[in-house]
Amino acid sequence: MNLKLSVLACAALSVLAAEAHAARTIAFAPYALPDSGTVAIVVRDGVPDEGAFAQLDDASNGALRRAVDAADFKGKAESKLDLPGFAGYDRVLLVGAGDKPVTPRLLQDVGGTVGAFAGGSRAPRVELLWSGNEPDAAAHLATGAQLGAYTFDTYKSRDEDDGAPKAGEGELVIRTAAGEAASDRFQRDWQPLATAVHAARDLVTEPANTIYPETFVERIREAFDGLPNVSFEVLDVADMKRLGMGGLLAVGQGSQRPPRLLVVRYNGGAAGEAPVAFVGKGITFDTGGISIKPSSNLWRMKYDMTGAAVATGTVLALAGRRAPVNAVGVAALAENMPSGTAGRPGDVITTMSGKTFEVMSTDAEGRMVLSDAVYYTQQQYKPKVMVDIATLTGAVVSALGDEYAGLFSRHDDLAEQLIAAGEASGEEVWRLPLHPSYAKDLESPIADLRNGGGGPGAGVGAHFIGEWVDEALPLAHLDIAGMAWRESAGTATSPKGATAFGVRLLDRYVRDQHE
Ligand code: BES
Ligand code: ZN
Ligand code: MN
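Throughout this description, residue numbers start from 1 for each chain and increase along the sequence as written. Just so you know, chain letters begin at A and ligand numbers begin at 1, following the order they were written in. Local features in this predicted model are restricted to residues whose pLDDT is 70 or higher, and side-chain atom pairs enter the listing and the counts only when it is 80 or higher, whereas totals over whole chains, interfaces and linings include all residues. Excluding hydrogens and water, the side-chain figures rest on all heavy atoms present in the structure.

Q: Describe in detail the coordination of the manganese ion (ligand 3), supporting the description with residues and values.
A: Every protein donor of the manganese ion (ligand 3) is accounted for by Asp286 (OD), Asp363 (O), Asp363 (OD) and Glu365 (OE), and the metal-donor separations fall at 2.0 to 2.2 Å. In the primary sequence, the donor residues of the manganese ion (ligand 3) line up as D-x76-D-x1-E. The metal-metal distance between the manganese ion (ligand 3) and the zinc ion (ligand 2) comes to 3.2 Å, with aspartate 286 coordinating both. When accessible area is computed with a 1.4 Å probe and restricted to protein chains, residues below 20% of their type maximum are described as buried, those above 50% as exposed, and intermediate ones as partly exposed. Judged by its relative accessible area of 0%, glutamate 365 falls in the buried class. In this listing, donors mean N, O and S atoms no farther than 2.8 Å from the metal, or 3.2 Å for Na, K and Ca; water is missing from the atoms, so a site can look incomplete.

Q: So what's going on with the site of ligand 1? Which residues, and what values?
A: Around ligand 1 sit 16 residues, and of these Lys293, Asp304, Asp363, Glu365 and Gly394 come closest. The separation between an oxygen atom of ligand 1 and a polar side-chain atom of aspartate 286 is 2.9 Å. Between ligand 1 and threonine 391, the relevant distance is 3.4 Å, taken from a nitrogen atom to a main-chain nitrogen or oxygen of the residue. Each accessible area is a Shrake-Rupley estimate made with a 1.4 Å probe; only the visible protein chains count as cover when residues are assessed. Its free accessible area being 520 Å², ligand 1 has 76% of it covered by the protein chains. Only runs of H or I of at least four residues qualify as helices and only runs of E of at least two qualify as strands under DSSP, and these elements are numbered from the N terminus. Counting only elements with at least two residues in the shell around ligand 1, the list comes to β10 (276–286) and α11 (365–381). Grouping the constituent residues of the shell around ligand 1 by class yields 5 nonpolar, 4 polar and 7 charged. Whether a residue is near a molecule or strand depends on its heavy atoms: it is near if one of them lies within 4 Å of it. N or O atoms within 3.5 Å of each other form a polar contact, as long as, within protein, one can give a hydrogen and the other can take it, and as long as residues adjacent in sequence are counted only when both atoms are side-chain atoms. Three categories are distinguished: nonpolar for Ala, Val, Leu, Ile, Met, Phe, Trp, Tyr, Cys and Pro, charged for Asp, Glu, Lys and Arg, and polar for the others, with Gly belonging to the last.

Q: Talk me through the side chain of glutamate 365; I want residue IDs and the actual numbers.
A: Its place among the elements puts glutamate 365 in helix α11. Those residues within four positions of glutamate 365 in sequence are excluded, and the remaining contacts are Val251, Lys281, Ile283, Asp286, Asp304 and Asn336. It only takes one pair of heavy atoms within 4.5 Å for two residues to be counted as in contact.

Q: Please provide a residue-by-residue account of the domain arrangement of the protein, values included.
A: Note that domain bounds follow an automatic or database assignment of domains. Each assigned domain of the protein is listed with its residue range as follows: domain 1 (4–160 + 167–186) and domain 2 (206–513). The C-alpha centroid of domain 2 is placed 37 Å from the C-alpha centroid of domain 1. In this assembly, 13 residues from domain 1 lie in contact with 13 residues from domain 2. For the pair domain 1 and domain 2, the two sides together bury roughly 930 Å², of which 51% comes from carbon and sulfur. When two parts are put together, the accessible area they lose, computed with a 1.4 Å probe and summed over both, is reported as buried area. Of all residues in domain 1, Arg105, Leu147 and Tyr155 bury the most surface against domain 2, accounting for 53% of the area lost on that side.

Put into structure tokens, the structure is as follows:
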């Protein structure tokens, strides 16, 4: 083993990422075994004696093999073994990669485990040793590492600066034999995605006293700053009144914070080519309105704007990696509050399309804002396909928990493409039915429709949204109510808290179907 090599390699570190708040910088360096510090090693099922494992085992005179045997560590998927103070190292982390074929998703998960570890570690540098020479594999490890290292510390007071590194700060170095191509690939194709996921998580985690419709718009403008081929359209209350957007106005009218409709357009594809549209529910806080929610866990309703963060965050990823596609991200932004100016159950609303609905519950506000948002997007941007994303119903949480988002579509091809993108990206969706009988559940005695009641909650909500889009336009509805936030342990690439579920899924869908 050549220990000098690691010192030389450090000088060649290429530093790639810096975030607004504390986060690990992802860097690449030539493959070598450092002789000290904090290192992470990927181990396949059965702990084969090869690569970095074999090198470290040699360097430690067989202590590494004794350690894994004593700990009964087998390299199974999702397992890890943390060895503090091992041999000459501060820490050695072994990450199990299982025995399944090595896919981008597996590599991102392994990278995520290292990233999550690095996010909580005070080591100034965490080095992931990957002796492989495939640029894509190393880029996927780095992508997962950046996703897993996510932290949000905007509101944490800092201790007196004692000179020591803070947890989660410093570098995360991918040591790989893949050379410069790995960092190029990462920077060009994947880092913009991880950065967009972080930006969306930041927006979701921010409380509702800082993020409301106007500040959401500002934050999105800032996130896109400097990116080419991007334009914005922002509708205010006067615009909405002119356009007759009764659904969006009715939800926003009880709040001191006026509603907004934000459209961010990215034109990376052929001129004149119809865009792909993502339309997100952006309720910056959902009290339920006059149909007020119970107070337990009500704080969580700050994440009721996740759909809007994901719709615009997906476009941020596409613009960031200069994807050759045209896309629009739409955020239907309002705060759902009870007050003397709030809408009431029983009110009849006229939407932009001219269709009317009767409000059965002011807590079914997601479909109210989306009715105008999907209609406007269809009329104004003439997309070739539309996906709406919303934390729409508690019912989908009961049905699918936090493993799958609910997928609803009358278009089988689109549904299958999204299911495949879910499997590939690790953000999975499960298709649920849209029965024709749901139309009956939505009949009102005095208006064209009503906004709640009747049969299965998640399906009826999906059906309602579909009422505002031409049947010829392929539409999918993603109900992410169960996926937007993780209260207990997170996953490798998505720590506890805001997930921004959907950005990776929709980015993958665009890569597969529209590039
Ligand atoms: N934002 C909620 C749905 C939700 C619940 C999201 C739990 C995340 C976690 C939505 O606006 C809502 O209140 N939905 C109602 C609809 C009903 C009134 C038709 C629901 O699911 O109970
Ligand atoms: Zn809601
Ligand atoms: Mn609600």
